[in-house]
Amino acid sequence: MSHTLGIRQAQKQKTRQAFLDAALALLEEQSLSSLGLREVTRAVGVAPTAFYRHFRSTADLGVALVDEALGSLHPMVRTTVSTAGGSEERISRAIELIADHVDTHPAHVRFIARERHGGVQPVREAIRDQLARFADEVKTELAKDPQAEGWNDDDLLMLAHLYVDQMLITASLFLEALEAPQDERERVTQLATRQMRLITIGRRHWRD
């Protein structure tokens, strides 16, 4: 009996992932607010009623995509502001990690960039909540740095949000340059490096 249940559970998870993959592919060319349930079920090759065994609505599907796109990134985001190494090494590491992620998961990055300010409220809120978690985690990492001595919690959280916002900006820039010549990608790297340096310089002198 347990073996049968295990097979059914695996099949259910496989179908659920098929819905997520199909929706993500369809969202390459449109926003979530315009995505139809029947479009997704047709792409998966199942009847529309099968959708409701996995999701309550396309908004619910969108929230699941947010979790898939951002939920696994928390260790990477903490690594980008790790206290290991000097400031230039940290900046270089952060930009390399972001660029690699965009190369590997462009559809996820595009989905978040489009839906962060999109027309589906539960999805906007899910993205906002994930970004708030990122900021809290970055704040925890920043507090370990000797440069954080004397900073209050509000200022550390403000700085954390600056870093998270800059990561999103950098990801969007690399996404735009995904199919561009190598010199364009190098230009994006240089621009992102300068922007991160500016935040770092401001951080050093904030308490002046």
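Here goes a summary of the coordinates provided.

## Observations concerning the overall build of the protein chain
Consideration 1: Of regular secondary structure, the protein chain possesses 10 helices and zero strands.
Consideration 2: Along the protein chain, helices (α) and strands (β) appear in the sequence α-α-α-α-α-α-α-α-α-α when read from the amino end.
Consideration 3: Taken over the C-alpha atoms alone, the protein chain extends approximately 65 × 45 × 35 Å along its principal axes.
Consideration 4: Put simply, the protein chain has 208 residues, and 41% of those count as buried.
Consideration 5: Sequence separation of at least 24 residues holds for 66% of the intrachain contacts in the protein chain that already meet a minimum separation of 6.
Consideration 6: Per element, the accessible surface of the protein chain, about 11,600 Å² overall, is 51% carbon and sulfur.
Consideration 7: The protein chain carries 26 positive and 30 negative side-chain charges, and their two centres are separated by 6 Å.

## So, the layout of surface pockets
Consideration 1: When its volume is computed, the largest pocket comes out at roughly 350 Å³.
Consideration 2: Forming the boundary of the largest pocket are 21 residues, of which Leu70, Ile112, Met167, Leu168 and Ala171 lie nearest the centre.
Consideration 3: Contributing elements (two or more residues each) for the lining of the largest pocket: helix H4 (58–70), helix H5 (74–80), helix H6 (87–104), helix H7 (106–115), helix H8 (121–143) and helix H9 (153–176).
Consideration 4: Broken down by element, the lining of the largest pocket gets its largest block of residues, six residues, from H9.

## Some thoughts on the packing of H4 against H8
Consideration 1: Put simply, H4 and H8 touch, their axes get as near as 8 Å, and they point 20° apart. By the angle class used here, H4 and H8 are roughly parallel. Regarding H4 and H8, the two cross each other, and that crossing is right-handed. Contact with H4, carried on its side by Ala59, Gly62, Val63, Val66, Asp67 and Leu70, involves Pro122, Val123, Ala126, Ile127, Gln130 and Phe134 of H8 and no other residues of that element.
Consideration 2: Grouping the amino acids of the contact of H4 with H8 by side-chain chemistry returns nine nonpolar, two polar and one charged.

## Quick notes on the packing of aromatic side chains
One pair of aromatic rings is described through two measures. These are the centre distance and the angle between the planes.
Consideration 1: Within this structure, the stated rule accounts for four aromatic pairs.
Consideration 2: Summarising the aromatic geometry, the rings of phenylalanine 19 and phenylalanine 51 are spaced 5.5 Å apart at their centres and angled 80° between planes, so their arrangement reads as edge-to-face. Of this pair, phenylalanine 19 sits in helix H1 (residues 2–26) while phenylalanine 51 sits in helix H3 (residues 48–51); the two residues are 32 residues apart in sequence, bridging distant segments of the chain.
Consideration 3: Relative accessible area serves as the criterion here: at 0%, phenylalanine 51 is assigned to the buried category.
Consideration 4: By the ring-pair criterion, three or more aromatic residues cluster together here, those being Phe19, Phe51, Tyr52 and Phe55.

About the cut-offs
Residues numbered from 1 in each chain as written. Predicted model: local features only at pLDDT ≥ 70, side-chain atom pairs only at ≥ 80, totals over all residues. Heavy atoms only, no water. Helix = DSSP H or I, 4+ residues; strand = E, 2+ residues; numbered from the N terminus. Buried < 20%, exposed > 50% of the residue type's maximum accessible area, 1.4 Å probe, protein only. Contact = heavy atoms within 4.5 Å. Areas by Shrake-Rupley, 256 points an atom, 1.4 Å probe, with all protein chains shown as cover. Lys, Arg positive; Asp, Glu negative; His and termini not counted. Charge placed at Lys NZ, Arg CZ, Asp CG, Glu CD. 1 Å grid on protein atoms, 1.4 Å probe; cavity = no way out; pocket = protein on both sides within 12 Å on 5 of 7 lines; lining within 4 Å. Points joined across faces, edges and corners; volume = space filled by probe spheres on them. Axes fitted to C-alpha atoms, helices over the stretch in contact; angles between N-to-C directions. Parallel < 35°, antiparallel > 145°, perpendicular 65-115°, else oblique. Left-handed = near helix turned anticlockwise from the far one by under 90°. Nonpolar A, V, L, I, M, F, W, Y, C, P; charged D, E, K, R; others polar. Phe/Tyr/Trp six-rings, centres within 6.5 Å; stacked < 30°, edge-to-face > 60°.

From the geometry alone we can't say anything about function, so treat these as descriptive.
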